[in-house]
Amino acid sequence: MLGTDFRTGSPVWLDLGSPDTDATAAFYGAVFGWQFASAGPEAGGYGFFLKDGRTVAALGRLTEEGAAPAWTTYFHSDDLAATARHVTEGGGTVRVEPMSIGEGSMARFTDPQGAGFAVLRSPMGLERTSEDDALVWVELHTTDPESAIRFYAGVFGWRSAEMTAPNMTYQVLSIADGDQQEGAFGGVAPLQGGQGDARWVPYFAVADPAAVVATARDNGATVLMPAVDVPDVGTIAWLSAPDQSVFALLRPNPRQG
């Protein structure tokens, strides 16, 4: 599962672009108990979701023309220029060129199948992961999983391992160095009909997925997939928030420490 020892290719940050940040902050506060803290007037409305005083995600206004509300996963990179070069060499697109932000820098990309992602080089990172109400997994749903795996291996050096999953071939992703199982942070699955465009989806750990689904629904969410048990994985559910941002829930089996 995810940790906070960020190395090349590790998920390091997660933020959500929304047209109504007040309403979105209220929704996620009701669902996960998150508090929203503004980054200050100079940040243009950007701020941090906190759980017990530690950063679990971030929220800002939509800034890209034509963009729809969506979660963006940021992966750690020590060399954003090299990462951008690998993206274009692999057939991806640079949406936002490497730029300075605070004490670090970031860039945004689109992979060849159309899934958006970003990279970050910064002393800043998520302060809470793989705990209840925090990011525990990221998953790429794409039209061509094999090509996607080759693309990201070329960008970050990620490794993959096939896992048995109901009705599909699932690939578990790991960062390039260290023990492959311990370095696992996400997966790749084929995009199913009706799921929309290729995208990265964040999974948040919860103790009771069915209860969280009910709370989210009561606060205006659409249930895309109710809580179901997946052998050797845990209980998962998929939701679309009132602003149409898609996210998932996971109670891992066995439970995370």
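Note: the structure precedes this text.
Quick notes on the rules
- Residues numbered from 1 in each chain as written.
- Predicted model: local features only at pLDDT ≥ 70, side-chain atom pairs only at ≥ 80, totals over all residues.
- Heavy atoms only, no water.
- Pairing = 2+ DSSP bridges.
- Helix = DSSP H or I, 4+ residues; strand = E, 2+ residues; numbered from the N terminus.
- Core = buried A, V, L, I, M, F, W, Y, C linked by side-chain atoms within 4.5 Å.
- Buried < 20%, exposed > 50% of the residue type's maximum accessible area, 1.4 Å probe, protein only.
- Contact = heavy atoms within 4.5 Å.
- Axes fitted to C-alpha atoms, helices over the stretch in contact; angles between N-to-C directions.
- Parallel < 35°, antiparallel > 145°, perpendicular 65-115°, else oblique.
- Left-handed = near helix turned anticlockwise from the far one by under 90°.
- Nonpolar A, V, L, I, M, F, W, Y, C, P; charged D, E, K, R; others polar.
- Salt bridge = Lys/Arg side-chain N within 4 Å of Asp/Glu carboxyl O.

Details of the pairing of strand S8 (residues 116–121)
Alignment of strand S5 (residues 70–76) against S8, held across 3 bridges, turns out to be parallel. What sits directly across from histidine 76, in S8, is leucine 120. Two strands pair when backbone bridges link them, and strand S7 (residues 104–110) and S8 are joined in this way by 6 bridges, in the antiparallel orientation. Bridged to methionine 106 within S8 is leucine 120. What sits between the antiparallel neighbours S7 and S8 is a turn of 5 residues, in which glycine 114 has the positive phi angle 105 degrees.

Points about the nonpolar core
Across soluble globular proteins, nonpolar side chains have a tendency to be buried as a group. Grouped together as the largest cluster of nonpolar side chains are 59 residues, with contacts concentrated most on Tyr28, Phe32, Trp71, Trp200 and Phe247. In this structure, phenylalanine 32 is in contact with Lys51, Asp133, Phe204, Val206, Val212, Phe247 and Leu249, ignoring residues within four places of it in sequence. Grouped together as the second largest cluster of nonpolar side chains are 15 residues, Val136, Ala205, Val230 and Leu250 included.

As for the packing of helix H1 (residues 21–32) against helix H4 (residues 209–218)
For the pair H1 and H4, the least separation of the axes is 9 Å and the interaxial angle reads 150 degrees. Relative to H4, the element H1 lies roughly antiparallel. In the packing of H1 onto H4, the handedness of the crossing is right-handed. Facing Phe27, Ala30, Val31 and Phe32 of H1, the residues of H4 in contact are Val212, Thr215 and Ala216. Along the lines of polarity and charge, the residues of the contact of H1 with H4 split into 6 nonpolar, 1 polar and no charged.

So, the environment of glycine 157
Relative to the assigned elements, glycine 157 resides in the loop between helix H3 (145–156) and strand S10 (159–165). Dropping the residues within four chain positions of it, glycine 157 is found in contact with Tyr152 and Ala176.

As for the pattern of salt bridges
Counting across every chain of the model gives 6 salt bridges. The closest approach of N and O atoms between aspartate 177 and arginine 7, which form a salt bridge, is 3.3 Å. Of this pair, aspartate 177 sits in the loop between strand S11 (168–174) and strand S12 (184–190) while arginine 7 sits in the segment before strand S1 (11–18); the two residues are 170 residues apart in sequence, bridging distant segments of the chain. Here arginine 108 and aspartate 15 are joined by a salt bridge, their closest N and O atoms 3.8 Å apart. Of the two residues, arginine 108 is situated in strand S7 and aspartate 15 in strand S1; the sequence distance between them amounts to 93 residues.

Regarding the side chain of serine 240
Here serine 240 shows up in strand S15 (residues 234–240). With residues up to four places along the chain from it excluded, the contact list for serine 240 reads Ala221, Thr222, Leu224, Ser245 and Val246.

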